[in-house]
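Here's the letter readout for the chains.
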Amino acid sequence: LFGMSIVINEEVDMNLETVKYEKKGAVALITFNRPEVRNAFNAKMTEDILEALLSAKNDVSVRAIVLTGEGLSFSAGADLSARDSKWVDTEAALIEGYLPSLKEIMEMPKPVISAVNGAAAGIGSAYAMACDLTIMSEEAYILQAFSNIGLIPDGGANWFLTNTVGYKLAYQIAIEGERIEAERCLDLGLINKVVSSDVLLDEALLWADKLSLRSSQSLKLTKQIMRKALDSSYEDIYGLEAKTQNTLTGSEDNIEGITAFMEKRQPNFK
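Residue numbers here run from 1 along each chain, matching the order of that chain's written sequence. For a predicted model such as this one, the threshold for reporting local features is a pLDDT of at least 70, and the threshold for listing and counting side-chain atom pairs is 80 or more; totals across whole chains, interfaces and linings nevertheless cover every residue. Hydrogens are left out, water is left out, and the side-chain values use all remaining heavy atoms of the structure.

Another point: the sheet that holds strand E8 (residues 141-143). In sheet architecture, strand pairing relies on hydrogen bonds along the backbone and comes in two forms, parallel and antiparallel. Pairing between two strands requires that DSSP report at least two bridges joining them. The way it works is that DSSP assigns letters per residue, a run of H or I at least four long becomes a helix, a run of E at least two long becomes a strand, and they are numbered from the N terminus. In spatial order, the strands read E6-E8-E9; together these three strands make up an open sheet with mixed pairing. Of all the strands in the sheet, just strand E6 (119-121) and strand E9 (180-181) have a single pairing partner and so form its edges. Summarising the sheet, E6 and E8 pair through three bridges and their orientation is parallel. In the strand pairing of E8, Ala-119 is matched with Tyr-141.

Here is the rule: rings of Phe, Tyr and Trp (six-membered ring for Trp) pair when centre to centre is within 6.5 Å. Planes less than 30 degrees apart are stacked, more than 60 are edge-to-face, and the remainder are tilted. Tallied over the full model, the rule gives eight aromatic pairs. Here Phe-32 and Phe-74 contribute two aromatic rings whose centre-to-centre distance is 5.3 Å and whose plane-to-plane angle is 80°, an arrangement assigned as edge-to-face. Of this pair, Phe-32 sits in strand E3 (residues 27-32) while Phe-74 is found in the loop between strand E4 (64-69) and helix H2 (90-107), placing the two residues 42 residues apart along the sequence. Of the two residues, Phe-32 and Phe-74, neither departs from the other in class, the shared state being buried. Note on Phe-41 and Tyr-127: the rings are 4.9 Å apart at their centroids and 20° apart in plane angle, and the pair reads as stacked. Of this pair, Phe-41 sits in the loop between E3 and helix H1 (43-58) while Tyr-127 sits in helix H3 (residues 123-130); the two residues are 86 residues apart in sequence, bridging distant segments of the chain. Only protein chains enter the area calculation, which uses a 1.4 Å probe; residues under 20% of their type maximum are buried, those over 50% are exposed, and those in between are partly exposed.

What follows deals with a negative patch on the surface. A contiguous patch of negative charge, built from Glu-138, Glu-139, Glu-183, Asp-187, Asp-198, Asp-202 and Glu-203, is present on the exposed surface. For the negative patch, the secondary structure elements donating two or more residues are helix H6 (182-188) and helix H7 (200-212). For Asp-198, the position within the fold is in the loop between strand E10 (193-195) and H7. Patch membership requires over 30% relative accessible area and the absence of a salt bridge. Like charges are linked within 9 Å, and nonpolar side chains (Val, Leu, Ile, Met, Phe, Trp, Tyr) within 5 Å. The Shrake-Rupley method, run with a 1.4 Å probe sphere, supplies the accessible areas, and residue values consider only the shown protein chains as cover. Salt bridge, as used here: a side-chain nitrogen of Lys or Arg that lies within 4 Å of a carboxyl oxygen of Asp or Glu. The charge count treats Lys and Arg as positive and Asp and Glu as negative. His and the chain ends do not count. By convention, charge coordinates are those of NZ in Lys, CZ in Arg, CG in Asp, or CD in Glu.

Have a look at this one:
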C-alpha cells in the first residue's frame, strides 16, 4: 500500500496521554490526540509531542515522519480553558513549552510531513508550518486569529509567514485574522499538496514512505543547508554546499546511486 517497502503497523509503548505514536514501516506517524478540544495544546501535549519527536529522531529504523491531528482538526492552537499550566507566564510557556518541540521538527535529520486534516490555528499553525513538507485536505485551513483578541502570532508564525509569502502578505494574514483555505495556501507556497480528506493520511504516508527509500544523508544535509539558507548569504551557502558535496562524493550512498543508475535499477540506500 505504501510504496515499495513492506509496511508493518506497530504500536509503540510510550507514556503519552495526548499524542499517538505509531510506526508504519520506516515511517513514524505522530498524531495530536485531544479531539474533544480540537487538539488544542495543554501543558501535557507540549511534553508528549516532544517525547514523540525525540523517539522518532533516535530510532534508526525511522526514516520519515508524518504529523497529523485526530478527528476534525489538526490543532486549534492553545487550550485557553486548560488549568494545567506549569509556566509563570506566556513567555515561559512559549520558550519552555513549545519551542523545544518546534526546534526538534526544524532540526530533525529526517523529513517531517504535516498532514493538515482541518483547522491549523494559532500555535497549531506553527507546528504545521515548521514541518519540511505539508499536505492539506480540501476542507483544511490555516488561521491566525490573534488580532481578534489583541495578541500577535507566535510560535514563530511571524518568521514562517514572512519567509514564505513575504512581508506584505504575511502582515495581511496576521492582522486580518481570516482563514487561509487550502487552495490559497497552495497558491502562496505555504503547503505542497491539496487532496480530499478521505485520502489525506494515505497520501501523506505514501509520500513519507517514498522519501524513506531515498538517501538519508541527502535528505538530512539538504534540509540542514536549506534551513541555514534562510538567514545566510549566497556565498556562505555556496561554500557550505562545496564542502558538504566533497564529503559525500565517494560515499556508500553516492556509489550505490551511481551504480543503480548505470544498471537501470532502483538504488538501495542504507
